[in-house]
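Structure at a glance
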Amino acid sequence: MAVELLSFRRTKDLKDEGGSGGMDPHIRVRPMSSRDHGDPFSMSGAEMRRLGHKVVDLLVDHYQQLPEQAVTTPAKEDYSGAVLGDGFGERGLPADLVVEGVMHNVLRRAMPVNHPRFFAYIPGPGNFMGMLADTIAAGGNMFCGVAQQNAGPTQVENEVLDWLCELFDLPPEAAGCLVSGGSVANMSALIVARDQMLGERRDKAVLYCSDQTHGCVAKAARLLGFREDQLSIIPSDGQYRLRMDVLTAEVMADRARGRQPFCVVATAGTTSTGAVDPLEQIADLCEEQDLWFHVDAAYGGAAMLTAGGRVQLRGIERAQSLALDPHKGLFQPMECGCLLVRQREWLGQSFRIEGAYLLDNERADGAINYRDRGVQLTRNFKALKLWMSLKTYGVAVFRDAVQKGMDLAVYGASALSEIGNCQIMAPPVMGIVVFRLRATGDKEDEAADNQLNQQLHDFLQEEGYAFLSTTMLSGRKCLRLCPINPRTTTEDIQRTVERIGRFAAERARAPGQERPELIKIIQTDVDSRGGLGDAADRDAINAGAGNVPDGF
Ligand SMILES: Cc1ncc(COP(=O)(O)O)c(C=O)c1O
């Protein structure tokens, strides 16, 4: 029975006062109105099942129909008006209407990062078991901040983190924590680096990264209270990797100036081109100069699953801290980022939380309280999706999927290099090809080139077959093709490149035109089975790899 406590005195006190024991006469039990009874959010079991099945059916339809659908919306986005009726009324709407409204008015207008021809930014291919895992995590509303009464989720997270530490050849003392994504992983790593390397005086501290480093590192430095001049930006070389000679000289010069170099952030797979900084040389310098070696492997880390990737990432195992993003290269639904460090006690030293109200969950026999390994106390169950998808598909499927993305980028670079006036700007490492069209052949006209490439981007976006994003390399506007979705086919790449080729040819014929006639997609007869399953496809990729010109 629900009671309302109007005032409270202990039953013992009543006895001492000669009272009868039993119910304290000062507690007035007021019957609840009939309206207050029961769960106001309740639905019958049958209704919950029906709605749940409906959501799964709609999601599976959406997932299966994606390849046949345009990847962008041609019309200008409309952000005005309400998604479903005006405001939030006192009385609710029928649940079916709300679910269908979301499917039509929200999901279909969301950026389809898991579409097989979404080649922009870093795609988020996701996987179906991961989606189910997130459903279970939300359905069970599992709280992953403490180990007390929570052995199941804690053990799952331990197993996932042990696997990741092993994948990166970290020592047995290594540990980690799942976080929302690469930005928070990098910021958490810099918190640990600061706490381990710097005392109270931080005003002379300097950290280093390349001009290709993801913007979240500068943001993290700013949020941690470092001034702009405390982040030293080192130029990159012709392949967009941090220049060791400049880094070494800057560290020495800063020491000579009385500053306090303390950390180098290397990137293993830059966002623009996939370039990998010289990890072994940076590790050597950090050892010699007593600097913290952090690697942002948010994009490229997944390549550790492949033989070629392990060669490219040599030296990563020497990092003091690593930022990973399983919601990118390990195909997990958002959000799933990860911080790993070489020594588990470093995490506790930065992130341990205390409170009189938390003492009970200190006692779980030395089990890990993840609240002490990262910023959050209340944490959702991110480990479950990695755990369930690894268990279900097996590591080999992940390895092949990562390899396929890298192969498709090589294939794409080869196909693009066949287009006249198309210049490949960086080697297609780690599953990214960066290219640009040249407006006037070999003659350098930066403004015209930049305009042409922006027009190509806009044309592709308006046409809707494939979506690519742009980046700037040394002041030049380029396009990026990032084909890491395992459901992308060679045909998807071929047809995308054909469209780019037609655009280039039209522009060469009519250079002044705003944009060529749109190539309308009436029906895309794209292979929706996905995969480079057959030998012919794989041979085509290998042949393509051989055709990629040297020196780009
Ligand atoms: C190299 C790199 N680091 C960090 C990030 C930021 O990760 P998130 O968007 O998961 O916060 C990204 C995102 O693309 C990235 O590519």
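In this text, all values refer to a predicted model and were calculated from it rather than measured experimentally. Numbering of residues starts from 1 in each chain and follows the order in which that chain's sequence is written. Given that this is a predicted model, residues contribute local features only at a pLDDT of at least 70 and side-chain atom pairs are listed and counted only at 80 or more, while totals for whole chains, interfaces and linings are drawn from all residues. Only heavy atoms go into the side-chain values, all of them from the structure, while hydrogens and water stay out.

What follows concerns the overall build of the protein chain. Secondary structure summary: the protein chain contains 16 helices and 11 strands in total. The burial tally for the protein chain puts 47% of its 552 residues in the buried class. Where accessible areas are quoted, they stem from the Shrake-Rupley method and a 1.4 Å probe; at the residue level, only the protein chains shown are allowed to cover. Roughly 27200 Å² of accessible area belongs to the protein chain as shown, and the carbon and sulfur atoms make up 52% of that amount. A run of H or I in DSSP counts as a helix once it spans at least four residues, and a run of E counts as a strand once it spans at least two, with each numbered from the N terminus. Summary of the burial criterion: residues with accessible area below 20% of their type's maximum are buried, those above 50% are exposed, and those between are partly exposed, where the area comes from a 1.4 Å probe applied to protein chains only.

Moving on to the nonpolar core. L164, L247, V295, I316 and L340 are the most contacted members of the largest nonpolar core, which totals 73 residues. Take this core: its biggest share by element is 6 residues, from helix α5 (residues 151–167). Counting only domains with at least three residues in this core, you end up with domain 1 (136–394) and domain 2 (396–547). In what follows, residue pairs with any heavy atoms lying within 4.5 Å of each other are defined as contacts. Not counting the four nearest positions on each side in its chain, L247 is found in contact with Y208, I234, L242, V264, I282 and L285. In this description, a nonpolar core means a group of buried Ala, Val, Leu, Ile, Met, Phe, Trp, Tyr and Cys residues linked to one another through side-chain atoms lying within 4.5 Å. Domain borders in the structure are assigned automatically or taken from a domain database.

One speaks of a salt bridge when a side-chain nitrogen belonging to Lys or Arg is within 4 Å of a carboxyl oxygen belonging to Asp or Glu. Summed over the entire model, instances satisfying the criterion amount to 26 salt bridges. In this structure, the salt-bridge partner of R379 is E157, at a minimum N-O distance of 2.8 Å. Taken together, the residues span a long stretch of sequence, with R379 in the loop between α11 (344–351) and α12 (383–393) and E157 in helix α5 at a distance of 222 residues. The same class applies to R379 and to E157, which are both buried. The closest approach of N and O atoms between D169 and R310, which form a salt bridge, is 2.6 Å.

Further remarks concern the site of the ligand. If you check the shell around the ligand, you find 14 residues, and the closest are G182, S183, T271, D296 and D325. Polar contact criterion, stated in full: a pair of N or O atoms within 3.5 Å, where within protein one must be able to donate a hydrogen and the other to accept it, and residues adjacent in sequence count only if both atoms are side-chain atoms. Note that a nitrogen atom of the ligand is positioned 2.7 Å from one of the side-chain N or O atoms of D296. In the complex, the protein chains occlude 84% of the 390 Å² of accessible area that the ligand would expose alone. Its atoms largely coinciding with the cavity grid, the ligand occupies the second largest pocket. For the shell around the ligand, the element with the most residues is helix α6 (residues 182–197), which contributes 3 residues. Neighbouring residues are identified by heavy atoms, a residue being near a molecule or strand if any of them is within 4 Å of it. Buriedness of a pocket was judged along seven lines, with at least five required to meet protein on both sides within 12 Å; pockets are open sets of points on a 1 Å grid over the protein atoms alone, cavities are sets where a 1.4 Å probe fits but cannot get out, and lining residues have an atom within 4 Å of a point. More than half of a molecule's atoms lying within 2 Å of a cavity's or pocket's grid points is what places that molecule inside it.

The next thing to look at is the packing of aromatic side chains. Only Phe, Tyr and Trp rings take part, Trp by its six-membered ring, and two of them pair if their centres are within 6.5 Å. Stacked means planes under 30 degrees apart, edge-to-face means over 60, and tilted covers everything else. On inspection of all chains with the given rule, the structure shows 8 aromatic pairs. Summarising the aromatic geometry, the rings of Y393 and F398 are spaced 6.5 Å apart at their centres and angled 65° between planes, so their arrangement reads as edge-to-face. For Y393, a relative accessible area of 33% corresponds to the partly exposed category. We classify F398 as buried; its relative accessible area is 5%. Three or more aromatic residues joined by ring pairs form one cluster here, namely F118, Y121 and F467. Both a distance and an angle decide whether a charge sits over a ring: NZ of Lys or CZ of Arg must be within 6 Å of the ring centre and within 35 degrees of the ring normal. Positioned above the aromatic ring of Y465 is the side chain of R117, whose terminal nitrogen or guanidinium carbon lies 4.2 Å from the ring centre. Over the aromatic face of Y465 sits the side chain of R499, whose NZ or CZ is 3.9 Å from the ring centroid.

This part takes up the layout of surface pockets. Grid points are joined across faces, edges and corners, and a volume is the space filled by probe spheres set on the points. There is about 1400 Å³ of room inside the largest pocket. At the level of secondary structure, the elements contributing two or more residues to the lining of the largest pocket comprise α2 (45–65), α3 (95–105), α4 (128–139) and α14 (446–463). Classification used: nonpolar for Ala, Val, Leu, Ile, Met, Phe, Trp, Tyr, Cys and Pro, charged for Asp, Glu, Lys and Arg, polar for all others including Gly. The residue inventory of the lining of the largest pocket, partitioned by class, reads 27 nonpolar, 11 polar and 8 charged. When residues are assigned to domains, the lining of the largest pocket turns out to be shared by domain 1 (136–394) and domain 2 (396–547), each giving three or more. Taken as a whole, the second largest pocket holds about 480 Å³ of empty space. Lining the second largest pocket are 28 residues; nearest its centre among them are Y121, I122, H214, T271 and K328.

For the pair α2 and α3, interaxial distance at closest approach is 11 Å and the crossing angle is 15°. One finds that α2 runs roughly parallel with respect to α3. In this structure, α2 meets α3 at a crossing whose hand is right-handed. Taken together, the residues of α3 that come into contact with α2 (itself represented by R50, L51, K54, V55, L58 and L59) are A95, D96, V99, E100 and M103. Here the contact of α2 with α3 is composed, by residue class, of 7 nonpolar, no polar and 4 charged. Note on geometry: axes are lines fitted to C-alpha atoms, helical ones only across the stretch in contact, with angles between N-to-C directions running from 0 to 180 degrees. Throughout this description, any angle smaller than 35 degrees is read as roughly parallel, any larger than 145 degrees as roughly antiparallel, any in the 65 to 115 degree range as roughly perpendicular, and the remainder as oblique. Put simply, a crossing is left-handed when the front helix is turned counterclockwise from the back one by less than a right angle, and right-handed when it is turned clockwise.

Next up on the list: the sheet that holds strand β10 (residues 469–473). To summarise the sheet geometry, strands pair through backbone hydrogen bonds and adopt either a parallel or an antiparallel arrangement. What the 4 strands build is an open sheet, ordered β8-β9-β11-β10; its pairing is antiparallel. Edge positions in the sheet fall to β8 (422–426) and β10, since each of these pairs with one other strand and no more. Shown here is a sheet whose adjacent strand axes are inclined to one another by a mean of 40°, direction ignored. If DSSP finds at least two bridges between two strands, the strands pair. Of the pairings in the sheet, the one linking β10 to strand β11 (residues 476–481) comprises 5 bridges and is antiparallel in character. Opposite T471, over in β11, you have C478 as the bridge partner. Helix-sheet contacts for helix α13 (residues 395–416) involve β8, β9 (433–437) and β11, and the interaxial angle to β9 is about 15°. Sheet contacts for helix α15 (residues 490–509): β9 and β11; angle to β9, the most-contacted strand, approximately 20°.

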